[in-house]
Amino acid sequence: MSTIQRFLRCNLITRQINKNKDTLRTITSYKQTYIKPVLAQRRGIDVQCDRISANLINCNQQANYSTPSRLPPESDYQDVKKFLDEGGLVIDVREVNELQNDGIIPKTVNIPLREVKGAFDLTPEQFEEKYQVAMPESDDAIIFSCLAGIRSAKAEAVVNSLGYTNTSNYRGGFADWVQHNR
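Because the structure is predicted, anything quoted here is derived from the model rather than measured.

Q: What exactly am I supposed to notice about the sheet that holds strand S5 (residues 167-170) here?
A: Two strands in a sheet stick together by hydrogen bonds in their backbones, pointing the same way (parallel) or opposite ways (antiparallel). Taking strand neighbours across the sheet as the criterion, the five strands line up as S1-S5-S4-S2-S3 in an open arrangement whose pairing is parallel. In this open sheet, the two edge strands, each paired with only one partner strand, are strand S1 (74-75) and strand S3 (109-110). Taken together, the two bridges between S1 and S5 define a ladder with parallel strand orientation. Note that in S5 the partner of Glu-74 across the bridge is Asn-169. The sheet contacts of helix H3 (residues 77-85) involve S1, strand S2 (89-92), strand S4 (142-145) and S5, and relative to S2 the element is tilted by about 120°.

So, in structure tokens, the structure goes:
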């Protein structure tokens, strides 16, 4: 993702967060102006408005797009299995012929090491069209895998240099996956 694209995306996210804050202020103002005077007659309304306000606050916090949990620098078999089961993005950086000869880890996306930098420089639309998954945001969790964890460490370093901050290397790679799935 280019610097301009990141800037525009940040701008859009900031506007969405500010819109949520304005909505929260409007509800809070409405609550103080109209609901508090009626409070003596209808106690339940205040409780409902508190729930609405709390939900908007939660929505506003989620609009910051921060990943709730950070990945460890290196992942093992259990980490990768759980991450995949939860729908996480695991990128296998082996060459296509290796996948055909050796096999694949189910649900992974193949981006050969030589293509990694170019892939993450694509627009989100181009990335999704080419790899059939949404392009991750800079703070989205991504695990990199290869045969034994060496090329995936290189791919992780490339992506980190592009501003991605929540990445991990599957240190055992496909060889470890095969050992656990015999």
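Q: Looking at this structure, how should I read the packing of aromatic side chains?
A: Aromatic ring pairs are reported here in terms of the distance separating the ring centres and the angle at which the planes meet. Tallying each qualifying case throughout the model produces four aromatic pairs. Here Phe-120 and Phe-127 contribute two aromatic rings whose centre-to-centre distance is 5.6 Å and whose plane-to-plane angle is 55°, an arrangement assigned as tilted. The exposure classification of Phe-120 matches that of Phe-127, with both residues buried. Relative to Tyr-131, the ring of Phe-127 lies with its centre 5.0 Å away and its plane at 50°, an arrangement referred to as tilted.

Q: Even after reading the chapter, I still don't get the pattern of salt bridges, so can you show me in this structure?
A: Any two side chains of opposite charge can pair, given that their charged atoms come close. Applying the stated criterion to the full structure yields 10 salt bridges. A salt bridge links Arg-171 to Asp-76, with the shortest nitrogen-to-oxygen separation between them at 4.0 Å. With Arg-171 in the loop between S5 and helix H8 (173-180) and Asp-76 in the loop between S1 and H3, this residue pair connects regions lying 95 residues apart in the sequence. For Arg-171, a relative accessible area of 43% corresponds to the partly exposed category. For Asp-76, a relative accessible area of 29% gives the class partly exposed. Of the charged contacts in the structure, one is a salt bridge between Arg-94 and Asp-92, with a shortest N-O distance of 2.8 Å. Residues joined in a network through salt bridges with shared partners are Glu-95, Arg-114, Glu-115 and Lys-130.

Q: Explain the packing of H3 against H8 here, please?
A: In a packed pair of helices, the relevant descriptors are the angle between the two axes and the axis-to-axis distance. Look at H3 against H8: their axes get within 10 Å of each other, and the N-to-C directions meet at 85°. Regarding the angle of H3 to H8, the classification is roughly perpendicular. Of H8, the residues touching H3 (which contributes Tyr-77, Val-80, Lys-81 and Leu-84) are Asp-176, Trp-177 and His-180. Its residues assigned to classes, the contact of H3 with H8 comprises four nonpolar, one polar and two charged.

Q: How do you make sense of the pairing of S2 when you look at a structure like this?
A: Remark: a regular strand shows side chains that alternate across the two faces of the sheet. Burial along S2 is two-sided: Leu-89 and Ile-91 and Val-90 and Asp-92, pointing in opposite directions, are all buried. One ladder, built from four bridges, connects S2 with S4; its direction is parallel. If you follow Ile-91 over to S4, its bridge partner there is Phe-144. Where S2 meets S3, two bridges bridge the pair, whose relative direction is parallel. When the sheet's bridge partners are listed, Asp-92 is paired in S3 with Asn-110.

Each value, and the rule that gives it
Residues numbered from 1 in each chain as written. Predicted model: local features only at pLDDT ≥ 70, side-chain atom pairs only at ≥ 80, totals over all residues. Heavy atoms only, no water. Pairing = 2+ DSSP bridges. Helix = DSSP H or I, 4+ residues; strand = E, 2+ residues; numbered from the N terminus. Contact = heavy atoms within 4.5 Å. Axes fitted to C-alpha atoms, helices over the stretch in contact; angles between N-to-C directions. Phe/Tyr/Trp six-rings, centres within 6.5 Å; stacked < 30°, edge-to-face > 60°. Buried < 20%, exposed > 50% of the residue type's maximum accessible area, 1.4 Å probe, protein only. Salt bridge = Lys/Arg side-chain N within 4 Å of Asp/Glu carboxyl O. Parallel < 35°, antiparallel > 145°, perpendicular 65-115°, else oblique. Nonpolar A, V, L, I, M, F, W, Y, C, P; charged D, E, K, R; others polar.

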